[in-house]
Amino acid sequence: MNNIDSDPDWACRPASANPSAVPSVTPAKPSVLRARLAKILAASGARAAEEDGLPSHFSFGVDRIDAALRGNAGIDGLPRAALHELHAAEKGDWTSAAAMALLWAQRCQISGRAERPVLWISESGEARRLGRLYPPGLAELGVDPSGIIHVDAPDSIAVLRAAADGARSSAMGAVIIELAGKRPKGLDLTATRRLSLSSQKSGVLSLFLRSGSDAENPLPTAAFSRWQVAAAPSSPLDANAPGHPAFDINLLRHRSGLYGLSARLEWNRDDKIFREQQSEQSTPYPGAVPALPAIRADHQGARAA
């Protein structure tokens, strides 16, 4: 778009000179175990936590959700230097899934990458069909349109290539990869593994934004987590004013084995934080409506870069 349209440093212990020697029954010191783990992670391309001085994870700001996502790392929230997937629950939920991807990038920027742009990559045909980013809608979400670089790629292969380049660059705050359809060409375990490793090395958050995917039989990927996003009714504010954008989220897959986590979240654009919608709040407006229009197809000023 034109700007309109986990692990500290540890010391290592040298290996035994006699490879056939029986290891000591004395438990290894924690620092030694951490050093070995750090070497394994480095060999696999994984990024050490806080290696670049930034937090290793970003949070929703909702204690229940962030604590549930703690997983094996023992840190609340989701890892920043990783690949995650966001799937629109239905065709009409694509706008909400797109908004959620941007808000995740926003939460990640709050943790230390506020000056770095978000790279949004889409297939040109799908961008014309679904619509491009709409600056006034972004502003309503509290997202600065000037901080987004939109790339129109001719096909899904080009999208994945551009995404790989973007994920390798630590100059990016986040990379959002928009792909539609059940089986986009080139999207496989190898391609997503490459993206995942690039994110781990650069510290860049990578997000797959998927629409029209098969929820019952999704493509296998190397994503750390997979989520389903749907529009939800918002609760009115005082004086019956329109409420905050609301989303139903459902965790479909998590590398730690967690699944089935679900919540209805509202986005507060002023505080730039999610809040869980409480059942005792005022009766929401009937019918699920998309989040504030982050995407619009018919706006004459929405142009690709």
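So, how was this worked out
- Residues numbered from 1 in each chain as written.
- Predicted model: local features only at pLDDT ≥ 70, side-chain atom pairs only at ≥ 80, totals over all residues.
- Heavy atoms only, no water.
- Helix = DSSP H or I, 4+ residues; strand = E, 2+ residues; numbered from the N terminus.
- Expected span 1.5 Å × (residues − 1).
- Buried < 20%, exposed > 50% of the residue type's maximum accessible area, 1.4 Å probe, protein only.
- Polar contact = N/O pair within 3.5 Å; in protein donor to acceptor, adjacent residues only side chain to side chain.
- Contact = heavy atoms within 4.5 Å.
- Pairing = 2+ DSSP bridges.
- Axes fitted to C-alpha atoms, helices over the stretch in contact; angles between N-to-C directions.
- Arc of directions from axis to C-beta.
- pLDDT = per-residue confidence, 0-100.
- Phe/Tyr/Trp six-rings, centres within 6.5 Å; stacked < 30°, edge-to-face > 60°.
- Core = buried A, V, L, I, M, F, W, Y, C linked by side-chain atoms within 4.5 Å.

Moving on to helix α7 (residues 189-202). Compared with an ideal rise of 1.5 Å per residue, which puts 14 residues at 20 Å, α7 spans 20 Å between its outermost C-alpha atoms and is within 8% of the ideal. Among all positions of α7, only A191, T192, L195, S196, S198, S199, Q200 and S202 are buried. Where α7 begins, the capping side chain belongs to D188, and its oxygen is found 3.2 Å from the backbone nitrogen of T190. Two residues or fewer after α7 comes G203, characterised by a positive phi angle close to 85°.

Moving on to the environment of R64. With respect to the element layout, R64 can be found in helix α2 (residues 63-68). Taking C-alpha positions, R64 is 9.7 Å from D76, a pair spaced twelve residues apart along the chain. Once residues lying within four places of it in the same chain are set aside, the contact partners of R64 are L261, S262, A263 and E276. At 2.6 Å, the side chain of R64 and the side chain of E276 are in polar contact.

As summarised here, the arrangement of the nine strands in space is β6-β4-β7-β8-β3-β9-β10-β11-β12, forming an open sheet in which the pairing is mixed. The open sheet has two edge strands, β6 (148-153) and β12 (273-276), and neither has a second partner. Each adjacent strand pair in this sheet contributes to an overall mean axis angle of 30°, direction not counted. Two strands pair when backbone bridges link them, and strand β9 (residues 225-231) and strand β10 (residues 246-254) are joined in this way by seven bridges, in the antiparallel orientation. Within β10, the position partnered with V229 by the bridge is I249. Strands β4 (118-123), β6, β7 (174-180) and β8 (205-211) of the sheet are contacted by helix α6 (residues 156-168), whose axis makes an angle of about 170° with β7.

The end-to-end C-alpha distance of α6, which contains 13 residues, comes to 18 Å, matching closely the 18 Å that a straight helix rising 1.5 Å per residue would cover. What α6 keeps buried is the set S156, V159, L160, A163, A164, G166 and A167. Relative to the axis of α6, the buried residues are bounded by an arc of 165° and lie together on one face. Buried positions along α6 lie against β4, β6, β7, α7 and β8. Regarding α6, its N-cap is D155, as a side-chain oxygen of that residue lies 3.2 Å from the backbone nitrogen of I157 further along.

The next subject is the confidence of the model for the chain. With 71% of its residues at a pLDDT of 70 or more, the chain has an overall mean of 77. Within the model, pLDDT remains below 50 along residues 1-25, and this stretch shows 48 contacts once partners closer than five positions in the same chain are excluded. pLDDT under 50 marks residues 40-50. Its contacts with residues more than four places away, or in other chains, come to 22 contacts.

Inspection of every chain in the model, using the stated rule, returns six aromatic pairs. A centroid spacing of 5.7 Å and a plane angle of 50° characterise the contact between F60 and F274, whose relative ring orientation is tilted. Here F60, found in the loop between β1 (57-58) and α2, pairs with F274, found in strand β12; they are 214 residues apart in sequence, far enough to count as distant. Of the residues examined, F274 reaches a relative accessible area of 1% and is grouped as buried.

Judged by nonpolar contacts, the single largest core of 42 residues is most densely connected at F60, W104, W227, F247, I249 and F274. Per-element accounting of this core gives the leading share, eleven residues, to helix α3 (residues 94-113). Apart from the residues within four sequence positions on either side, F60 is in contact with I65, D66, L69, L78, W104, R107, W227, I249, L265, I273 and F274. Residues L83, I121, L187 and A223 belong to the second largest nonpolar core, which totals 19 residues.

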